[in-house]
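# Summary of the model geometry
What follows is the residue order along each chain.
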Amino acid sequence: MRRRVRGRMRRMTGPGTATTGPDAGAAGAGRAGAGAGEVAGASPGPAGVGIGWRPEIGGFVADLPGLRFVEVVAETLAPHGPPPAGLAELVERGVTVVPHGVKLSLGGAEPVDPARVSHLARVAELVGAPLVSEHIAFVRAGGVEAGHLLPLPRSREAVAAVVANVRRAQAELPVPLALEPIAALFDWPDDELDEADFLTEILDATGATLLLDIANVHANARNRGTDPLALLDRLPLGRVAYVHVAGGAEQGGFYHDTHTHPVPPVVLDLVGELCARHRPPALLLERDGHWPPAPELRAELDAIAAASGYPVVT
Amino acid sequence: MSDDRGHPAPSGRSGELAARQAELVATLVAGGPLPPGFAPGPVDAARRALLRKRAGDVARHWPLLAAGLGAAWPATFTGWAAGRPTNGSLRDGWDLARELRERGELPPLGAEELACREAASRYDGAGAPRRRRLPALARTGGAVAVQLAGRVRLLRPARR
């Protein structure tokens, strides 16, 4: 069921409308995202080729004729609105807007901050989002901010910490939550699980969907010396809500997932490999700085469309 | 306590994970030692990547300061920020601008940006900057900025 509802700024009725909650657990695994269209006032789930909305490229994004899906960094929105002008215009046009959190620290050993969850819930309502997303990572510990997403040990203890925090968040969020594995330059010394098992355990226990970053798949495989296709073969691709595609660069013997460089051909090849196995409903270009001229950015969107077989949006 | 799939709830040993996460964050941003078992090269690459990302974030909050330093911005920022955890991009840039002023190394564009910020808000170096309610005048490196009813104007440019 997919509906477009006008006047999507109206408030929803709160946690009671949530389609995943603390008890959705295993029973909801793998189909939690299906409830997205049932939330009153929410736009359709992510579809086709999208782009991360940033104020610096608001004009460029507004001019994409075929665009149906954007993401916005949740922490940049004021919880009681109004959304920034360019973004509000997209909401009015019926473009699906997914708030993407970066500071929840769901992987922190400490309980997730209720004020941060509440903020994410409010901005989801503000833009009529069908789902929100966050990372399997921690960003602070012992009262000190790391300033970026840090990897967890792939241990049962860490799985339990993430699951507890995801459930706390799901209990307050009005829409389903998708979880994104990060790019890590280093691993913990005491990993008990491989990446696929680590992610699958977390998804099974929470009913969350997967936000798969294909550039992170490349980055981790490149930096660990493993095979990205072997990971794709083992991930639960049927649970992917949408996919991130981003640029990066080799520096100092590592591949860095910078979001400020062009998408390299090797990452586009992985998009093709992914879609050959199980095409996700949507793919989104993430670019966070060093913006290229508009034709280059359009070409990147077109390349993602070509690699996935979705219609061009430019 | 365990959930319906038999995973242990994060009690008991979560104190250990918390301590190890704090140790790792200290290594990455506060000059702490490398925790046992971690590979030094990759962790150091992550530490430097965090500094570069932070330099970009602060440059977005302090565009004139960063532009005034030009090609020297990344090295100036990372030299100042290494081993110093962030207090957010606004405060990080403010603290750096004040330190450069003390060293006599604040470029004119940075002096003008700092004067405008200091006319608009009161910042004690320890907590979040607070907007000034009363009219204020701020001077830095020859730049003079005035704030009236929340509007800031640069009255005189910095010495060049």
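Presented here is a report on the structure given in the accompanying data block.

Each value, and the rule that gives it
- Residues numbered from 1 in each chain as written.
- Chains lettered and ligands numbered in written order.
- Predicted model: local features only at pLDDT ≥ 70, side-chain atom pairs only at ≥ 80, totals over all residues.
- Helix = DSSP H or I, 4+ residues; strand = E, 2+ residues; numbered from the N terminus.
- Rg over C-alpha atoms; globule rule 2.2 N^0.38 Å.
- Buried ≥ 20, exposed ≤ 12 C-beta atoms within 10 Å, placed from the backbone.
- Contact = placed C-beta atoms within 7 Å.
- Nonpolar A, V, L, I, M, F, W, Y, C, P; charged D, E, K, R; others polar.
- Pairing = 2+ DSSP bridges.
- Right-handed = clockwise from strand over helix to strand, strands pointing away.
- Core = buried A, V, L, I, M, F, W, Y, C linked by C-beta atoms within 7 Å.
- Axes fitted to C-alpha atoms, helices over the stretch in contact; angles between N-to-C directions.
- Parallel < 35°, antiparallel > 145°, perpendicular 65-115°, else oblique.
- Left-handed = near helix turned anticlockwise from the far one by under 90°.

## A word on the overall build of chain B
On a plain count of helices and strands, chain B comes out with six helices and five strands. Reading the secondary structure of chain B in the N-to-C direction produces α-α-α-α-α-α-β-β-β-β-β. In terms of overall size, chain B is more extended than a compact globule, its C-alpha atoms giving a radius of gyration of 21 Å where 160 residues would be expected to give roughly 15 Å. Classification of the 160 residues of chain B by burial places 31% in the buried group. Nonlocal contacts in chain B, meaning residues at least 24 apart in sequence, comprise 46% of its contacts between residues at least 6 apart.

## Concerning the overall build of chain A
Looking only at helices and strands, chain A has 10 helices and 12 strands in total. The buried share of chain A, taken over its 314 residues, is 54%. Partitioning the intrachain contacts of chain A with sequence separation of at least 6 by distance along the chain shows that 77% fall at a separation of at least 24.

## Describing the interface of chain B and chain A
On the side of chain A, 33 residues touch chain B, which itself brings 33 residues to the contact. At the level of secondary structure, the elements contributing two or more residues to the side of chain B that touches chain A comprise helix H1 (14–29) and helix H2 (40–61) of chain B. With 10 residues, H1 of chain B is the single largest residue contributor to the side of chain B that touches chain A. Considering only residue class, the side of chain B that touches chain A consists of 21 nonpolar, six polar and six charged.

## Topic: the pairing of strand S8 (residues 209–213) of chain A
All names here are of chain A. Buried residues dominate S8, accounting for five of its five residues. Residues Thr209, Leu211 and Asp213 of S8 are buried on one face, and the alternating residues Leu210 and Leu212, pointing to the opposite face, are buried as well. Pairing of strand S7 (residues 177–181) with S8, which is carried by two bridges, proceeds in the parallel orientation. Within the sheet, the bridge partner assigned to leucine 179 lies in S8 and is leucine 210. With helix H6 (residues 195–206) bridging S7 and its parallel neighbour S8, the resulting β-α-β unit is right-handed. In terms of strand pairing, S8 meets strand S9 (residues 240–246) through four bridges, oriented parallel.

## Quick notes on unusual backbone geometry
All names here are of chain A. Along the chain, glycine 81 connects to proline 82 via a cis peptide bond; the corresponding omega equals -5°. A positive phi angle is found at serine 105, which is not glycine, with a value near 60°. One can find serine 105 in the loop between strand S3 (96–100) and helix H4 (114–126). Owing to 26 C-beta atoms within 10 Å, serine 105 belongs among the buried residues under this scheme. You will see that histidine 259, though not glycine, has its phi angle at about 65°, which is positive. With respect to the helices and strands, the residue histidine 259 is situated in the loop between strand S11 (254–256) and helix H9 (265–277). Under the C-beta neighbour-count criterion, histidine 259 is labelled partly exposed, with 19 such atoms within 10 Å.

## Focus on the nonpolar core
All names here are of chain A. With 131 residues, the main nonpolar core has Val70, Val97, Val132, Val162, Ile202, Ile214 and Val245 as its most contacted residues. Ranked by the residues each element gives to this core, the list is headed by helix H5 (residues 156–172), at nine residues. Ignoring any residue separated from it by four or fewer positions in sequence, one finds valine 245 in contact with Ile214, Ala215, Val263, Val267, Val271, Leu283, Leu284, Leu285 and Ile304.

## Section: the packing of H9 of chain A against helix H10 (residues 294–308) of chain A
Residues and elements named next belong to chain A. Taken N-terminus to C-terminus, the directions of H9 and H10 make an angle of 30°; their axes are 8 Å apart at the nearest point. As far as their axial angle goes, H10 and H9 are roughly parallel. As H9 runs across H10, the sense of the crossing is right-handed. Of the residues in H10, those in contact with Leu268, Val271, Gly272 and Cys275 of H9 are Ala303, Ile304, Ala307 and Ser308. For the contact of H9 with H10, a count of residues per class yields six nonpolar, two polar and no charged.

## Notes on the pairing of strand S4 (residues 143–148) of chain B
Residue and element names in this part refer to chain B. The two faces of S4 differ: Ala143, Ala145 and Gln147 on one face are buried, but Val144, Val146 and Leu148 on the other face are not. Examined bridge by bridge, strand S3 (residues 136–140) and S4 share five bridges and lie antiparallel to one another. Across the sheet, the residue bridging to threonine 140 is alanine 143, located in S4. The loop that links S3 with its antiparallel partner S4 comprises two residues; one of these, glycine 141, has a positive phi angle of about 55°. In this sheet, strand S5 (residues 151–156) lies alongside S4 in antiparallel orientation, the contact comprising five bridges. Among the inter-strand pairings, alanine 145 is bridged to a residue of S5, identified as leucine 154. Taking the residues that link successive antiparallel strands as the turn, the S4-S5 hairpin has two residues, and the phi of alanine 149 there is positive, at about 50°.

## Re the packing of H4 of chain A against H5 of chain A
Residue and element names in this part refer to chain A. Close contact between H4 and H5 brings their axes to 9 Å; oriented N to C, the two are set at 45°. Relative to H5, the element H4 is oriented oblique. For the pair H4 and H5, the sense of crossing is right-handed. Of the residues in H5, those touching H4 at Val117, Ser118 and Ala121 are Arg168, Ala169 and Glu172.

## A few points about the environment of asparagine 165 of chain A
Tracing the chain through its elements places asparagine 165 of chain A in helix H5. Residues asparagine 165 of chain A and valine 132 of chain A, spaced 33 residues apart in sequence, show a C-alpha to C-alpha distance of 15 Å.

## Points about the sheet that holds S5 of chain B
Residue and element names in this part refer to chain B. The strand order across the open sheet built from three strands is S3-S4-S5, with neighbouring strands paired in antiparallel fashion. The sheet is open, and its two edges are formed by S3 and S5, each paired on a single side. Each strand of the sheet is rotated relative to its neighbour by a mean of 25°, with strand direction disregarded.

Geometric descriptors of this kind do not, in isolation, establish any biological role.
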